[in-house]
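# Tertiary structure, described
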Amino acid sequence: MSTYQHSLLRKMPKVELHRHLDGSIRQGTIVDIVKRHKLDIDVSDRARLKKHSTITEPMQDLAAVLNVFETIQKVSCSYEAIKRIAFENVEDAWMDGIKLIELRFSPAFIAREKDIGNDEIIEGVLDGIAQGMGKYDIQVGLITIVSRTLDHHVNEQSTMDVIAYVEKGHHQMADRIVGFDLADRENTSDPSDFGELVELSRQAGLGITVHSGEDSDASAVQRTLTLLNPDRIGHGVNAWQDGDVVEMLKERDVLLELCPTSNWLTQCVPVLAEHPLPDFYQAGVKVCINSDDPQLMDIDLTHEYEIAQRYYGFTHEDFKKTNLDALKKTFLPQEIGVHVKEKFFS
Ligand SMILES: [Zn+2]
């Protein structure tokens, strides 16, 4: 990839729908927060810190990646820290050429083993993205995550807290909370356990996306579609194993949020060149390209576009198509999607 092509891809307007807020914390910010809050993380050796807080080689499986998340989870420890992380997420996205982004976070996961409540976390994120949107020409939506491995009552409480923000407008930016996501290991859980929380969120006007078909097979995607009826699927890579499930995705007009490098690092695909992204695309399934956890994986979205160009032969027209599909399927209000389309993609 020449520098010239790289800078063209960086400048290209992009839409990203799948990025984890806490998978996108800058190394320098981790160091600052650890020192300020005297956290139990050794930051004296930068190379060592990077080794423990990033993943650049394929891990054993998704569970191993989630363990690295445990380390960086400690850093989102106060309103100020979370606001800074949210602001920098928006700034980094803008520098990556992104015009509309949906960032996701799990209040209950962040709050674990800390003296911090869901409200404080939600306020920090809302204030951070407000600061980012005030400084840069970028539209930001938020998706709150329910983690499959947390206790049901914890997930229930966090869902109710989020819905209270959405319905009562506790914050001037509360209308930026636009989606619900079910994440974390799928192969040991049953989607029907989360049907009630999904329905409550849908009734509150939130779009529904579900991490599925990542550490599980095509039948898991089929169950997710049948039992939870999501608008979008996070990853869904293994749906390619079953033509009937691919047809279901098309019939239901479900967009796949695909993240090539992430899927390679979790060994969902053995090598990047074998990712089924181009297969789904050619088959007429709506897809968009995403970075998932850019700082954690030491990448950015431009890097994922380079991969799509190099391995899947994506052209500027293909990128435009996937970005326009992402705009159609954003959980932000349609008028925002149309505004971004007219300003940057027409
Ligand atoms: Zn994800």
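A brief report on the enclosed structure follows. (Residues numbered from 1 in each chain as written. Predicted model: local features only at pLDDT ≥ 70, side-chain atom pairs only at ≥ 80, totals over all residues.)

As for its position among the elements, D32 is in helix α2 (residues 27-36). Given 15 C-beta atoms within a 10 Å radius, D32 is considered partly exposed. The spacing of D32 and V43 is eleven residues in sequence and 9.3 Å in space, taken between C-alpha atoms. (Helix = DSSP H or I, 4+ residues; strand = E, 2+ residues; numbered from the N terminus. Buried ≥ 20, exposed ≤ 12 C-beta atoms within 10 Å, placed from the backbone.)

Counting 93 residues, the largest nonpolar core has A86, V125, I129, L256 and V287 as its most contacted members. The leading source of residues in this core is helix α5 (residues 79-95), at seven residues. Residues contacting I129, with those up to four places away along its chain left out, are A86, V90, V140, L142, M173 and R176. (Core = buried A, V, L, I, M, F, W, Y, C linked by C-beta atoms within 7 Å. Contact = placed C-beta atoms within 7 Å.)

Another point: the sheet that holds strand β5 (residues 207-212). If you walk across this open sheet you meet the eight strands as β1-β2-β3-β4-β5-β6-β7-β8, and the pairing is parallel. Looking at which strands have only one partner, the edges of the open sheet turn out to be β1 (14-20) and β8 (287-289). Strand-to-strand twist in this sheet, taken as the mean axis angle between neighbours without regard to direction, amounts to 25°. Where strand β3 (residues 139-147) lies against strand β4 (residues 177-183), six bridges are found, and the strand directions are parallel. Across the sheet, residue I145 finds its bridge partner in β4, namely D181. Helix α9 (residues 195-203) rests against β3, β4 and β5 of the sheet, and its axis sits at about 150° to β5. (Pairing = 2+ DSSP bridges. Axes fitted to C-alpha atoms, helices over the stretch in contact; angles between N-to-C directions.)

Glancing now at helix α8 (residues 152-168). The first and last C-alpha atoms of α8 sit 24 Å apart over 17 residues, in line with the 24 Å expected at 1.5 Å per residue. Among the residues making up α8, those that are buried are N155, S158, T159, V162, I163 and Y165. Burial along α8 is one-sided: seen end-on, the buried residues are contained in an arc of 155°. Facing away from the buried surface of α8 by more than 90 degrees, the exposed residues are H153, E167 and K168. Those residues of α8 that are buried are in contact with α6 (107-111), α7 (118-135), β3, β4 and α9. Phi turns positive one or two residues past the end of α8, at G169, with a value near 55°. (Expected span 1.5 Å × (residues − 1). Arc of directions from axis to C-beta.)

Between helix α15 (residues 316-328) and helix α16 (residues 334-344), the least distance of the axes is 9 Å, while the angle of their chain directions is 155°. The angle between the axes of α15 and α16 places the two elements in the roughly antiparallel class. On α16, the residues touching L324, L327 and K328 of α15 are G337, V340 and K341. Among the residues making up the contact of α15 with α16, the classes are represented as three nonpolar, one polar and two charged. (Parallel < 35°, antiparallel > 145°, perpendicular 65-115°, else oblique. Nonpolar A, V, L, I, M, F, W, Y, C, P; charged D, E, K, R; others polar.)

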